Structures are given as C-alpha cells and as structure tokens.
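Residue-level structure breakdown
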Amino acid sequence: IPGLISQIFVSVSDSVKTGDKLFILEAMKMENEITSPLSGTVKNIYFESGVAVEKGTIIMEIEE
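As a starting point, this report considers the structure included with it. A quick note: this is a predicted structure, and the numbers were derived from the prediction, not measured.

Reading the values: the criteria
- Residues numbered from 1 in each chain as written.
- Predicted model: local features only at pLDDT ≥ 70, side-chain atom pairs only at ≥ 80, totals over all residues.
- Heavy atoms only, no water.
- Helix = DSSP H or I, 4+ residues; strand = E, 2+ residues; numbered from the N terminus.
- Buried < 20%, exposed > 50% of the residue type's maximum accessible area, 1.4 Å probe, protein only.
- Contact = heavy atoms within 4.5 Å.
- Salt bridge = Lys/Arg side-chain N within 4 Å of Asp/Glu carboxyl O.
- Pairing = 2+ DSSP bridges.

A word on the environment of Val12
Along the chain, Val12 turns up in the loop between strand S1 (3-8) and strand S2 (15-16). Under the relative-accessibility criterion, Val12 is labelled partly exposed at 45%. Taking the C-alpha atoms as reference points, Val12 and Glu31, separated by 19 residues in sequence, lie 23 Å from one another. For Val12, the contacting residues outside a window of four places in its chain are Val42, Lys43, Asn44 and Ile45.

Right, here's the structure in full:
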C-alpha cells in the first residue's frame with residue numbers, strides 16, 4: 001500500500017525474528033504495523049522516517 005513511513009524500529013545489522021515490528025506505514029489515516037516475514041539480519045534500509053512510498057516499493061532487505 002502507498003503511504004508514509006512514520007517510524008522505523010530496526011537498524012541495519014539488527015537481528016530480527018518472524019513477526020518482529022519493523023516499521024509503521026501510515027495509509028488512509030490508519031497506522032499499519034509492518035512485521036518481519038522471516039528471521040534474519042537487516043541488510044539494508046532504503047528510506048527513513050517521514051518519507052512517502054508507493055505501492056510495491058522495497059523499503060528494507062532482510063537476509064536469512
């Protein structure tokens with residue numbers, strides 16, 4: 001969904017588990033909590049808080 005990244009909870013090189021909170025995406029006046037689909041290490045974060053993103057945009061990479 002297109003929206004605004006309002007808050008990021010992880011940093012590059014952080015370890016995450018399936019279901020951990022990654023960031024909040026505000027869309028249509030709602031806050032959507034985006035969670036990790038897999039366990040691994042955050043490899044890259046391409047955007048920072050306050051940036052609007054379009055549908056299908058890769059926001060971060062997690063390496064297993």
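Brief notes about the pattern of salt bridges
Enumeration over the complete set of coordinates arrives at one salt bridge. A salt bridge links Lys43 to Glu63; its shortest N-O distance comes to 3.9 Å. Of this pair, Lys43 sits in strand S5 (residues 40-45) while Glu63 is found in strand S7 (residues 60-63), placing the two residues 20 residues apart along the sequence. The class of Lys43 is partly exposed, set by a relative accessible area of 42%.

Observations regarding the sheet that holds S1
Strands sit in the order S4-S3-S1-S6 across an open sheet of four strands; the sheet is antiparallel. Of all strands in the sheet, those with a lone pairing partner are strand S4 (30-35) and strand S6 (52-53), marking the two edges. Pairing analysis gives two bridges linking S1 to S6, with the strands arranged antiparallel. Bridge pairing in S6 links Leu4 to Ala52.

Topic: the environment of Pro37
Secondary-structure assignment places Pro37 in the loop between S4 and S5. A relative accessible area of 65% means that Pro37 is categorised as exposed. Along the primary structure Pro37 and Asp20 are separated by 17 residues, whereas in three dimensions their C-alpha atoms are 8.5 Å apart.

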